[in-house]
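Fold and geometry: a report
Chain by chain, the residues:
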Amino acid sequence: MGLSGFKRKALGLASLIAIFAFGGVAHAQSDSFMKTWNANTDVLVKEGPGCLKGIDEARRLITLAENSKYPNDYIVMAAAGITLCAYRNDKNSLIYEFGPRAEAYEDMRAFILRAQFYAGLSDERPEVTYGVLTRLRPNIDDELLSSISKIELWWPTLNQIRDTPNSDEKIFKVHQIIERSGYEGISVSEAEDLKADYLKSAILTKADQELIDRLLGQLKSPTIAMHLLVDKRFDSTRKSPNFNRLSDLMAIAKSSQDAIQEEIKAKPNEIGPQIRLADLERLMKRPEAAIDTLNQAIESAKSSPSRYTDFDDNFPWLYSSKSSAFYSLGRYDEALAAGIEAASLRKGKSEDPSQTINLSLLYWLDGQYEDSLKTLSAVGTDQNSFAKGLILFAQGCSSHRLNAKNFDAQKTRNALIALGKDGQTSLMSFDGCLNDLDSVERAYLAMLRDPYSRTQALLHAQAILQPTQSYGVENLKWREQFKQILLRPRVAEALAELGNTIETPLDLRDFVF
């Protein structure tokens, strides 16, 4: 149901209140109470800031209703009106206060729940978003479920829950809800990512083996296959007959490639699937093929931009992906040129600074610290936590290398620490930039002990140790530092304890970006 639908519902609220007032449904009330109520019900359905002025009056109506003989119907209606007003005016505190009361108003229930869900999402309150999802009723609230089953909402919801108690069980329940809502309206690869995360949660919660086998049978992601192979938590999964197919990661990558090829055929008017194909080709250590795919996509998009429904959003990403492919080949100048083109296409579009951040990191990797800082000056501060971490790291390290006046390294560290897990890898890299290897060691040990960071930590170690050429002055410094970290006694001991989680027959390093 769109917001216009909610407005129609809201306008029906006054008429429903009138039905109650004339005794058609509700119990009779005192004349003075009914007179006051009827005179003020308009405050519940006012548009825009006008409704904010009426909230105090609505509160007064609730107080009157609480003192009447049969108050519940009136309280619920007034709470629904306040919640509607709060939603229109981004007053989340009011949604939290009155939403639970208003849920009992069945005609507005879908709106009330959606208002609470979005409020919890924007305020990063997982207890709210998770609470809403677990209160959804099968076959009754499906319309509401379909209105929030979008990829940009599911991942933030899942990521919020990961840091809460009993997160594995909660994540599994949310994935059950996602599966119930279906994977329509998102790309094949996005659906694959969700299903892969569903599989992990099913394994970790020891779900029904039949479900695990079914999800394993659907798996097409080489990245999740690596996670299953290197993480001890998934050892029991190897008992499944479907796990045998994971022993050949290239076969899985090929399966994923075939799925994306089918998506390209099914969606000829979208750029996104072509980017995903190129990224997969790069993952399969075929950067030249990725560049060919991207060049073809760029020429096609340039010649007929109106043909593509996602041109504005995804055209810059063609150049970002091309930049990564060139960099993996050691062709830095071409990587930089593609990065500059990607950032220029996003100039003035602060809602997505990814290309600009990537360009600043390219400058930083090559030791062009002034250019890195200049590039970042164009990025706004209102970004998600992970992007903030990258920005703080690149700004901080570049400032440190330039001996910038008034640069406060501890202030940058504190800001990265405040980001929690989203700033974890940026903090570790920043400590490396400061040559604070003791802090890098502590951070890496923390990642090894954290179930959700362990796989990333192991793959990072393998990538550092692989005998391939590296490019960029900063990248070379980091590799030499990190090799020292891996030889430190506590880190070596922790890796030895986890040693049986890494499958020796497979060279997983070939599958690391």
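Residues numbered from 1 in each chain as written. Predicted model: local features only at pLDDT ≥ 70, side-chain atom pairs only at ≥ 80, totals over all residues. Heavy atoms only, no water.

Topic: the overall build of the chain
A count of helices and strands for the chain gives 28 helices and zero strands. Expressed as a percentage of the 513 residues in the chain, the buried residues total 50%. For the chain, the proportion of contacts with a sequence separation of at least 24, taken over those separated by at least 6, is 64%. Working note: accessible area of the chain is about 24,200 Å², and carbon and sulfur atoms make up 51% of it. (Helix = DSSP H or I, 4+ residues; strand = E, 2+ residues; numbered from the N terminus. Buried < 20%, exposed > 50% of the residue type's maximum accessible area, 1.4 Å probe, protein only. Contact = heavy atoms within 4.5 Å. Areas by Shrake-Rupley, 256 points an atom, 1.4 Å probe, with all protein chains shown as cover.)

Quick look at the pattern of salt bridges
Per the stated rule, a full pass over the model turns up 15 salt bridges. Here K267 makes a salt bridge to E263, at a shortest N to O gap of 3.7 Å. The exposure class of K267 is partly exposed, given its relative accessible area of 25%. Bridged by salt links that share partners, the residues D438, E441, R488 and R490 form one connected network. (Salt bridge = Lys/Arg side-chain N within 4 Å of Asp/Glu carboxyl O.)

Digging into helix α7 (residues 109-122)
The end-to-end C-alpha separation of α7 is 20 Å, in line with the 20 Å expected for 14 residues at 1.5 Å each. α7 sits mainly inside the fold: 11 of its 14 residues count as buried. Taken residue by residue, α7 has R109, F111, I112, L113, R114, A115, Q116, F117, A119, G120 and L121 as its buried positions. Looking one or two places after α7, you find E124, whose phi comes out positive at around 55 degrees. (Expected span 1.5 Å × (residues − 1).)

A closer look at the state of the cysteines
Throughout the structure, instances matching the rule amount to one disulfide. Between the sulfur atoms of C397 and its disulfide partner C433 the distance amounts to 2.0 Å. The sign of the S-S torsion, about 90 degrees, decides the handedness of the disulfide formed by C397 and C433: right-handed. Of this pair, C397 sits in helix α22 (residues 385-401) while C433 sits in helix α24 (residues 424-433), and the two are 36 residues apart along the sequence. You can call C397 buried: its relative accessible area is 0%. (Disulfide = S-S within 2.5 Å.)

A word on the packing of helix α17 (residues 287-303) against helix α18 (residues 311-328)
Relative orientation of the contacting elements α17 and α18 amounts to 155 degrees, with a least axis distance of 9 Å. In terms of orientation, α17 lies roughly antiparallel with respect to α18. Our pair here, α17 against α18, has a crossing hand that is left-handed. When α17 is examined against α18, the residues P287, A290, I291, L294, N295, A297, I298, A301 and K302 are found in contact with a partner set consisting of F311, F315, L318, Y319, S321, K322, A325, F326 and S328. Of the residues contributing to the contact of α17 with α18, the split by class is 13 nonpolar, three polar and two charged. (Axes fitted to C-alpha atoms, helices over the stretch in contact; angles between N-to-C directions. Parallel < 35°, antiparallel > 145°, perpendicular 65-115°, else oblique. Left-handed = near helix turned anticlockwise from the far one by under 90°. Nonpolar A, V, L, I, M, F, W, Y, C, P; charged D, E, K, R; others polar.)

Things to note about the environment of G396
Along the chain, the position of G396 falls in helix α22. Among the residues examined, G396 registers a relative accessible area of 2% and is labelled buried. Along the sequence, G396 and K411 sit 15 residues apart, while their C-alpha atoms lie 9.5 Å from each other. Sequence-distant contacts of G396, defined by excluding residues within four places in its chain, comprise F407, T412 and F430.

Here's the deal with the environment of G389
By the element assignment, G389 lies in helix α22. Its relative accessible area of 0% is what places G389 among the buried residues. Taking the C-alpha atoms as reference points, G389 and A418, separated by 29 residues in sequence, lie 9.7 Å from one another. Contact partners of G389, with chain neighbours within four places excluded, come to L416, L419 and S426.

Observations regarding the packing of aromatic side chains
Where two aromatic rings form a pair, the distance of their centres and the angle of their planes describe that pair. Under the defined criterion, the tally for this structure stands at eight aromatic pairs. With a centroid separation of 5.4 Å and 90 degrees between ring planes, the pair formed by Y87 and F111 is classed as edge-to-face. In this pair, Y87 is assigned in helix α5 (residues 72-88) and F111 in helix α7, connecting sequence segments 24 residues apart. These aromatic residues form a ring-pair network of at least three members: F311, F315 and Y319. Its guanidinium or amino end placed over the ring of Y130, K170 lies 5.6 Å from that ring's centre, counting from NZ or CZ. (Phe/Tyr/Trp six-rings, centres within 6.5 Å; stacked < 30°, edge-to-face > 60°. Lys NZ or Arg CZ within 6 Å of the ring centre and 35° of its normal.)

Some remarks on the nonpolar core
One finds I271, F315 and L318 to be the most contacted residues of the largest nonpolar core, which totals 41 residues. At the level of elements, α16 (272-283), α17, α18, α19 (332-345), α20 (354-365), α21 (369-376), α22 and α24 are the ones that each hand at least two residues to this core. Counting residues per element, this core draws most heavily on α20, at seven residues. Beyond its immediate stretch of four places on either side in the chain, I271 contacts A301, Y308, D310, F311, N314, F315 and L318. By size, the runner-up hydrophobic cluster in this structure holds 35 residues, among which are V132, I161, Y183 and L216. (Core = buried A, V, L, I, M, F, W, Y, C linked by side-chain atoms within 4.5 Å.)

A closer look at unusual backbone geometry
Even without being glycine, N166 reaches a positive phi, approximately 55 degrees. Within the element layout of this structure, N166 appears in the loop between α10 (151-161) and α11 (167-181). Overall, N166 belongs to the exposed group, its relative accessible area being 55%. With a phi angle near 50 degrees, N403 is a residue other than glycine that sits in the positive phi range.

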